[in-house]
Amino acid sequence: MYKSIRPILFTIDPERAHQHALDAVENTRYIFGAHWLMRQLYKTPPKPVQAFGLTFQNPVGLAAGYDKDAVAVRGLSTLGFGHLEVGTVTPLAQYGNPKPRVFRLPEDEAVINRMGFPSAGSAKVVKNLKKLGRCHYAKTSKTRVINLRGFFAEGKRKRSNSKMILGVNIGKNKNTPNAEAVLDYLSLLELFAPCADYLTINISSPNTVGLRDLQGRDALEMLLTQLHKQRKMEEKKLRKKLPLLVKLAPDLSDAELADALDVILDTGMDGVVATNTTIARDPKLGSTKKQETGGLSGTPLKSASEAVLSKIVKKVDGKIPIISVGGIMSPEDAKRRLEMGATLVQLYTGLIYEGPGLVKRIVKAL
Ligand SMILES: Cc1cc2nc3c(=O)[nH]c(=O)nc-3n(C[C@H](O)[C@H](O)[C@H](O)COP(=O)(O)O)c2cc1C
């Protein structure tokens, strides 16, 4: 069915089409029985996976950037995913780069984006997650007595969302210099610790100037050491585990990747998400939009993402799980990543070209 509406969707500006799709998937909840129907339509067989101390209903997740402000979590939860990663969220609200900033490359089954972290800001996103009953704060005796109404409302919401693992992807504001980036990430960690099942530290978007420099050994060591310390404090306070994952770029040299992985392992991180979009352009790209500035995703990213995965698998040697993302457009692609050693996979551009039915097709094929 998606293939028949895709030509219409593709006549609309990509960012606008995306916004319509997000609104549609979320607003169906105002239509009696629609979410139930979507759940039946996109229901995936249980293929549970344990990772980071969490149980995922299946290995297929939604990649960061699709629902940046966590506005469609309920609707997206009906599409068969085992987890959703919302964000990237920045501490303060910011507009991102000027539009247009997302481009389809249909001849290449790809997308280029230079969104630059448009974000409603952390306060708003926390509010959205609170409404879903996702945030569980350390209880004092006072809150226990007063908040009975909240308790019942939360219980109801918790039951309806309980199986969906929710990750929050965090990033620094554009105006924060790298020397102060740690403060942005620390504040985000503290704010989202009560609401997230895991956090992904995004230091690999190509669209925030200088962000990827945080993948360098010294900067990364400083950042991750501080975050690990803060995470331990939050875990103690909230009496829950808070896995921290690091999202890496596909464009690191072998030495840079090895350095980053050494630091990730040494600082006690729980996993790696690989990869973000690439700034590389294969000369074989056929689309007129190929020279647009930004990060390329979809089919042309597949081989780079696989190459990085195989290097990471070798280096981490089973010590931490890996989420593979980048150019997964079919069940075969997803199977291959899992066979190569990924524990979970994520999709973004595949959903644009194949539609939401891709999730079910993948899970069924595993
Ligand atoms: C329009 C768009 C926006 C994105 N925004 C983010 C983001 O905010 N944070 C992030 O970590 N990754 C972001 N990504 C990268 C994806 O999460 C993913 O790593 C990348 O697109 C590769 O996967 P794919 O080939 O399946 O799309 C974005 C990708 C696209 C296409």
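Predicted model only: the values in this text are computed from it and were never measured.

Draft legend 1. A look at helix 5 (residues 122-131). Taken together, the buried positions of helix 5 are S122, V125, V126, N128 and L129. The buried residues of helix 5 all sit within an arc of 155° when viewed along its axis, so they share a single face. Away from its buried face, by an angle of more than 90 degrees, helix 5 presents the exposed residues A123 and K127. Turning to helix 5, the residues buried within the fold contact strand 4 (83-89), strand 7 (165-170) and helix 8 (181-192). Following helix 5 by one or two positions, G133 has its phi on the positive side, about 70°.

Draft legend 2. Quick peek at the sheet that holds strand 4. Pairing is parallel in the closed barrel, where eight strands are placed in the order 3-4-7-8-9-10-12-13. Between one strand axis and the next, the sheet turns by 25° as a mean value, whatever way the strands run. With four bridges joining them, strand 9 (residues 244-248) and strand 10 (residues 271-274) adopt parallel strand pairing. Bridge pairing links V246 to V272 in strand 10. Contacts between helix 10 (residues 254-266) and the sheet are confined to strand 9 and strand 10, with strand 9 contributing the most and set at about 175° to the helix. Together, strand 10 and strand 12 (322-325) form the strand contacts of helix 11 (residues 302-316), whose direction differs from that of strand 12 by roughly 170°.

Draft legend 3. Highlighting the packing of aromatic side chains. For the structure on display, the rule yields four aromatic pairs. Between F10 and Y353, the ring centres sit 5.5 Å apart and the planes meet at 90°, which makes this aromatic pair edge-to-face. Residue F10 is located in the loop between helix 1 (2-9) and helix 2 (14-27), and its partner Y353 is located in helix 13 (residues 349-354); the two are separated by 343 residues in the primary sequence. Residue class for Y353 comes out buried when judged on its relative accessible area of 2%. Its guanidinium or amino end placed over the ring of Y95, R101 lies 5.0 Å from that ring's centre, counting from NZ or CZ.

Draft legend 4. Representation of the sheet that holds strand 6 (residues 110-113) within the structure. Pairing within the open sheet is antiparallel, and its three strands lie in the order 5-6-11. Two strands close off the open sheet at either side, each with one partner strand: strand 5 (102-105) and strand 11 (295-298). Mean inter-strand twist for the sheet, computed between neighbouring axes without regard to direction, equals 20°.

Draft legend 5. Summary view of the nonpolar core. Counting residues in hydrophobic clusters, the biggest one holds 75 residues, and the most contacted among them are L129, V168, Y185, F192, I201, L224 and I264. Beyond its immediate stretch of four places on either side in the chain, I201 contacts I170, Y185, L223, L224, L227, L244, L245, V246, K247 and M269. Within the second largest apolar cluster, 13 residues are counted, among which are L54, Y198, L245 and I323.

Draft legend 6. Quick look at the pairing of strand 12. Residues I322 and S324 point to one face of strand 12 and I323 and V325 to the other, with burial holding for every one of them. Of the pairings in the sheet, the one linking strand 10 to strand 12 comprises three bridges and is parallel in character. Within the sheet, the bridge partner assigned to V272 lies in strand 12 and is I322. Here three bridges tie strand 12 to strand 13 (residues 344-347), and the two strands are oriented parallel to one another. Across the sheet, I323 pairs through a bridge with L344, a residue of strand 13. The parallel pair strand 12 and strand 13, bridged by helix 12 (residues 331-340), forms a crossover whose chirality is right-handed.

Procedures and definitions
Residues numbered from 1 in each chain as written. Predicted model: local features only at pLDDT ≥ 70, side-chain atom pairs only at ≥ 80, totals over all residues. Heavy atoms only, no water. Buried < 20%, exposed > 50% of the residue type's maximum accessible area, 1.4 Å probe, protein only. Helix = DSSP H or I, 4+ residues; strand = E, 2+ residues; numbered from the N terminus. Arc of directions from axis to C-beta. Contact = heavy atoms within 4.5 Å. Pairing = 2+ DSSP bridges. Axes fitted to C-alpha atoms, helices over the stretch in contact; angles between N-to-C directions. Phe/Tyr/Trp six-rings, centres within 6.5 Å; stacked < 30°, edge-to-face > 60°. Lys NZ or Arg CZ within 6 Å of the ring centre and 35° of its normal. Core = buried A, V, L, I, M, F, W, Y, C linked by side-chain atoms within 4.5 Å. Right-handed = clockwise from strand over helix to strand, strands pointing away.

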